[in-house]
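Single-letter residue listing:
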Amino acid sequence: MGGDDAVSRPRRRHRLDEQHVSALLSGGGDVNTIAQLLTVERSWRLLQLRAVLDIVGPDHDTGPLPSVRAAWDLLTEAERHDPAKVDDLLLHPQAGVWAGYTLRRLRGTARSTAPLWVDLGYLHSLAAAAALRAGIDFRMTVPVRDGFAVLPTLGAVPVPGAARWDSTEVRGSAGHGVVGTPAGEVRVGGDGWQAVSSVHIQADGHTLAVRLDCLDPYRNLRAPTPPQALSEPELSHWRGLLTQAWQLLVETSPALASPMTRGLFSVVPQPPAERFRTMSASAGDAFGCMIMSEPRDATELAVTMVHEFQHIKLGALLHLAPLHTGEPARRLYAPWRDDPRPLGGLLQGVYAFAGITEFWRSLSHGATDGAGTLAHFEFARWRRQVRTVLALIAQLPQLTEVGRRLVAGLTATVDRWQTDSVPDQPLAAAHDAVADHRARWRLHHLRPPAEVVTAFTECWMAGADRPDLPTVAPAVEADPNAQGLDARAVLELWRLTDATGFERLRADPAAIHARVTGARPADLALVAGDRDTARREYLYELSTDSDRPGAWAGLGLILADSRPGPAADALRDRPELVRAVHRAVRGCGGDAGPVELAAWIGPR
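Residues numbered from 1 in each chain as written. Predicted model: local features only at pLDDT ≥ 70, side-chain atom pairs only at ≥ 80, totals over all residues. Heavy atoms only, no water.

Peer 1: Help me understand the sheet that holds strand S12 (residues 289–293), please; the structure alone is not making it clear to me.
Peer 2: Across a sheet, paired strands are connected by hydrogen bonds in the backbone, their directions being either parallel or antiparallel. Taken together, 5 strands build an open sheet; the order of strands is S8-S9-S10-S12-S11 and the sheet is mixed. Both outer strands of the open sheet, strand S8 (197–203) and strand S11 (280–281), are each paired with one neighbouring strand and no more. Sheet contacts for helix H6 (residues 93–106): strand S9 (206–212), strand S10 (266–270) and S12; angle to S10, the most-contacted strand, approximately 75 degrees. Where helix H9 (residues 232–252) meets the sheet, it contacts S8, S9, S10 and S12, and its direction lies at approximately 30 degrees from that of S8. (Pairing = 2+ DSSP bridges. Helix = DSSP H or I, 4+ residues; strand = E, 2+ residues; numbered from the N terminus. Contact = heavy atoms within 4.5 Å. Axes fitted to C-alpha atoms, helices over the stretch in contact; angles between N-to-C directions.)

Peer 1: How should the environment of Leu 212 be read in this particular structure?
Peer 2: Within the secondary structure, Leu 212 is located in strand S9. Distance from Leu 212 to Phe 265, taken between C-alpha atoms, is 9.0 Å for residues 53 residues apart in sequence. In contact with Leu 212, other than residues within four places in its own chain, are Val 196, Ser 197, Ser 198, Val 199, Leu 235, Trp 238, Arg 239, Leu 242, Val 267 and Pro 269.

Peer 1: Would you take a moment to explain helix H13 (residues 343–366) for this structure?
Peer 2: An α-helix turns once per 3.6 residues; consequently, residues spaced three or four apart project the same way. In this model H13 runs 36 Å from its N-terminal to its C-terminal C-alpha over 24 residues, within 8% of the 34 Å that 1.5 Å per residue would give. Of all 24 residues making up H13, 20 are buried, and the element is well covered by its neighbours. (Expected span 1.5 Å × (residues − 1). Buried < 20%, exposed > 50% of the residue type's maximum accessible area, 1.4 Å probe, protein only.)

Peer 1: Explain the packing of H13 against helix H14 (residues 369–394) here, please?
Peer 2: The angle between the axes and the distance between the axes are what describe a pair of packed helices. Two elements in contact, H13 and H14, have axes separated by 8 Å at closest approach and are oriented at 150 degrees. By the angle between their directions, the pair H13 and H14 is classed as roughly antiparallel. Like other packed secondary-structure pairs, H13 and H14 cross with a definite hand, here left-handed. Across the interface between the two elements, Leu 343, Leu 346, Leu 347, Val 350, Phe 353, Ala 354, Ile 356, Thr 357, Trp 360, Arg 361, Leu 363 and Ser 364 from H13 touch Leu 374, Ala 375, His 376, Glu 378, Phe 379, Trp 382, Arg 383, Val 386, Val 389, Leu 390, Leu 392 and Ile 393 from H14. Split into classes, the residues belonging to the contact of H13 with H14 amount to 18 nonpolar, 3 polar and 3 charged. (Parallel < 35°, antiparallel > 145°, perpendicular 65-115°, else oblique. Left-handed = near helix turned anticlockwise from the far one by under 90°. Nonpolar A, V, L, I, M, F, W, Y, C, P; charged D, E, K, R; others polar.)

Peer 1: So what exactly am I meant to see when it comes to the packing of aromatic side chains here?
Peer 2: For any two aromatic rings, the description comes down to two numbers: the centre-to-centre distance and the angle of the planes. Enumeration according to the criterion identifies 13 aromatic pairs in this entry. Note on Phe 276 and Trp 494: the rings are 6.0 Å apart at their centroids and 75 degrees apart in plane angle, and the pair reads as edge-to-face. Taken together, the residues span a long stretch of sequence, with Phe 276 in the loop between S10 and S11 and Trp 494 in helix H18 (residues 487–497) at a distance of 218 residues. Residue classification places Phe 276 among the partly exposed residues on the basis of a relative accessible area of 23%. Consider the rings of Phe 379 and Trp 417, whose centres lie 6.4 Å apart with planes at 75 degrees: the pair is edge-to-face. Linking Phe 379 in helix H14 with Trp 417 in helix H15 (residues 401–417), this pair joins segments that are 38 residues apart in sequence. Members of the aromatic cluster, each reached through a chain of ring pairs, are Trp 98, Tyr 101, Tyr 122 and Tyr 218. The positively charged end of Arg 275 is found above the aromatic ring belonging to Trp 494, 4.4 Å away from the centroid. (Phe/Tyr/Trp six-rings, centres within 6.5 Å; stacked < 30°, edge-to-face > 60°. Lys NZ or Arg CZ within 6 Å of the ring centre and 35° of its normal.)

Peer 1: Even after reading the chapter, I still don't get the pattern of salt bridges, so can you show me in this structure?
Peer 2: A side chain of one charge can pair with a side chain of the opposite charge when the charged atoms of the two come close. Counting across every chain of the model gives 33 salt bridges. One salt bridge connects Asp 146 with Arg 164, and the closest N-O pair in it is separated by 3.0 Å. A residue pair is termed long-range when its members are at least 10 positions apart, and Asp 146 in the loop between strand S1 (138–145) and strand S2 (148–151) and Arg 164 in the loop between strand S3 (155–158) and strand S4 (165–173) qualify at 18 residues. You can call Asp 146 partly exposed: its relative accessible area is 23%. Where Arg 277 meets Asp 486, a salt bridge forms, and the shortest distance between an N and an O atom there is 2.6 Å. Remark: Asp 486 occurs in the loop between strand S14 (475–476) and H18 and Arg 277 occurs in the loop between S10 and S11; sequence separation between them is 209 residues. Judged by its relative accessible area of 17%, Arg 277 is buried. One network of salt bridges, with partners in common, ties together Asp 436, Arg 440, Arg 520, Asp 523, Glu 541 and Arg 548. (Salt bridge = Lys/Arg side-chain N within 4 Å of Asp/Glu carboxyl O.)

Here it is, written out as structure tokens:
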């Protein structure tokens, strides 16, 4: 940093070597690629800090804390003594989250119940942590938030009796520090101190060293969160899963694992999510950090690590060049989401799932029995979905030159996957899961033109031939209640990975929706192979509730298998039109069997 001269000097321009650009745009990148991205991220972080300083100014009210300038001066002094350690601290992902969040507060686009000085005071905490790591003598007043004083990357100490927004003093000398509390001083690293947990794992020459961060207030990527330390059993469980997941990644997918040794700094544990629906996130401001729900096993953790590290790489690339110049007029289909997505979000998603598909592809080459069937199913499912999305994005005029290169690079990667064979059973199950999700999405979010629905309804009621199929695309109207659109895939994952658990689901079909969001008994019967029961239950549902997307989508799958033809085609290609006409006919007092109506609409 180097003080005022450093922060005011002209901006440095960064360039990635062409080999690293090509690798990133194909979904890959090695350790050297990450090293170049880290250079970019350091500059990005300094720009964020400079922006905070420019907005705050020397006379800004910082409450009980010293001025922001005093915190900055301590940070620059620490850097003069030990640049490498301060660089490491500046690249702490939560420092980026803090800078982005605080800038939004200063610009009026983020709100908080905390006084502004509490958020600004994270810079004071960073400076104190830097001074301790650099081994210089210092005193610094830092904020106490939610009863804790936090020193980023080092840990936290409870401050009994403190107000929700308070302050305390940190002193340091020769690398040793103490934090003042009403009960007396607490030595950093001593009794009463809560250290940030870490994991250090080696596998076949690849070392993963990450923090398990449950203390930093900016760890959740959006808004500040109180510290919540893991218990010893929880910490042991996470360490065990990370060890197993890392060994699996290194063994099966070393090209995906190796870059993480240089670019993955912290994992933020969260409570378990619904089974097979892991919650995970990362952010462009937080290079090297991934937040995730507690996984069920090492494979789930490994694929989540791949998923989020893809986002991390692309987020860094976006700090150098945009991928698109605007958004299409309508939101787009993302096979991994319940909701329609903007182009920027779809690009992030397809990049992440290219990595996920590569992971399952690698795993499928060596796995056997149930693990092999699972890997084949997931590889076939995501190979098809990624290819579909890339074909859609490639047609959009909003892509920049870099965006077009990324789509071309990922498409070349996908093309190489097409020669991989997948056994018939998991391949068919994957294709059904793909068709089911797409049909459900269309039924939730697409609305055919009202005049088209009226024309079809009148012709049906009159016993006439159906009108020509519409040439106007349905409108996208996001359904806020859409959830669990991947229910069929989740049930398939239960069946493939936990036969006993799947049989328990079948034993109590009435409770299936509580266990698998978006699923109904008919969906369970369909995945179990009981198509006759599933067909009867879907038709019964549609006789009493013509709106449930899962019933229409499931009926379409059954017809595609048992009676390929116009009805199956209509429920695959335009289920939203079939449902809309069915609803309108019933509203007019008419009668329309779902299969018969779909067959009438179905011819291309």
